[in-house]
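# Descriptive analysis of the structure
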Amino acid sequence: MAYQIFTADGLSVELNTGYEGNEFSSTGNIGEDVLNISAVHPMRKDAVEDLIIKSSSSWEEINYLVESGELLMSEFEGNMRNLKEWRKQNNKN
């Protein structure tokens, strides 16, 4: 109902109704993988951790992406979002 009200008022909102799982493929480049995946939908922290393990990487690059503003970590369930893509989709600077 909230989604319908907000969109009727012209607000750009998302409707996340269910969890899609952690089955993401890895290219071995954790930063690129997380940015590409999170460009199309939010990722849970455990999904990022799975990709870190698959790519034999660490949280260092993810932390850099968050600190640089390229990746947004929301306060809702710790989901991560590609900030540049989110801004494009929502016409923000």
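To keep things clear, this report deals only with the structure shown in the data block. (Residues numbered from 1 in each chain as written. Predicted model: local features only at pLDDT ≥ 70, side-chain atom pairs only at ≥ 80, totals over all residues. Heavy atoms only, no water.)

## Examining the overall build of the protein chain
Within the protein chain, the secondary structure is distributed over five helices and two strands. A total of 93 residues make up the protein chain; the buried ones form 30% of that total. A sequence separation of at least 24 residues applies to 49% of the contacts in the protein chain between residues at least 6 apart. Per element, the accessible surface of the protein chain, about 6500 Å² overall, is 49% carbon and sulfur. (Helix = DSSP H or I, 4+ residues; strand = E, 2+ residues; numbered from the N terminus. Buried < 20%, exposed > 50% of the residue type's maximum accessible area, 1.4 Å probe, protein only. Contact = heavy atoms within 4.5 Å. Areas by Shrake-Rupley, 256 points an atom, 1.4 Å probe, with all protein chains shown as cover.)

## So, the nonpolar core
Counting residues in each nonpolar core, the largest one holds 13 residues, and the members touching the most others are Val 34, Met 43, Leu 51 and Ile 62. For this core, the secondary-structure elements that each account for two or more residues are helix H2 (30–38), helix H3 (45–54) and helix H4 (59–68). (Core = buried A, V, L, I, M, F, W, Y, C linked by side-chain atoms within 4.5 Å.)

## Quick notes on the environment of Gln 4
Following the sequence through the fold, Gln 4 ends up in helix H1 (residues 2–8). Here Gln 4 falls in the exposed class, since its relative accessible area comes to 57%. As a C-alpha pair, Gln 4 and Leu 15 span eleven residues in sequence and 9.7 Å in three-dimensional space.

## A closer look at the pattern of salt bridges
In this structure the tally under the stated criterion is one salt bridge. Salt-bridge contacts for Asp 46 lead to Arg 44; the nearest nitrogen and oxygen are separated by 3.2 Å. (Salt bridge = Lys/Arg side-chain N within 4 Å of Asp/Glu carboxyl O.)

## Remarks on the side chain of Ser 55
By the element assignment, Ser 55 lies in the loop between H3 and H4. On the basis of relative accessibility, which here comes to 12%, the residue Ser 55 falls in the buried class. At 3.3 Å, the side chain of Ser 55 forms a polar contact with the backbone oxygen of Ile 52. Those residues in contact with Ser 55 that lie beyond four places of it in its chain are Ser 26, Gly 28 and Ile 30. (Polar contact = N/O pair within 3.5 Å; in protein donor to acceptor, adjacent residues only side chain to side chain.)

## Description of a nonpolar patch on the surface
On the surface, Met 1, Ile 5, Phe 6 and Leu 11 cluster together to form a nonpolar patch covering roughly 460 Å² of accessible area. Within the secondary structure, Phe 6 is located in helix H1. (Patch = residues over 30% accessible without salt bridge, like charges linked within 9 Å, V, L, I, M, F, W, Y side chains within 5 Å.)

## With respect to H2
The element H2 is largely enclosed, with a buried count of seven among its nine residues. Along H2, the residues classified as buried are Ile 30, Gly 31, Asp 33, Val 34, Leu 35, Ile 37 and Ser 38.

## Some thoughts on the side chain of Asp 33
Residue position: Asp 33 is located in helix H2. At 8.7 Å, Lys 54 is the nearest oppositely charged side chain to Asp 33, a buried residue that forms no salt bridge. A polar side-chain atom of Asp 33 sits 3.1 Å from a polar atom in the side chain of Ser 26. When residues no more than four places from it in sequence are discounted, the contact partners of Asp 33 are Ser 25, Ser 26, Thr 27, Gly 28 and Leu 51. (Lys, Arg positive; Asp, Glu negative; His and termini not counted.)

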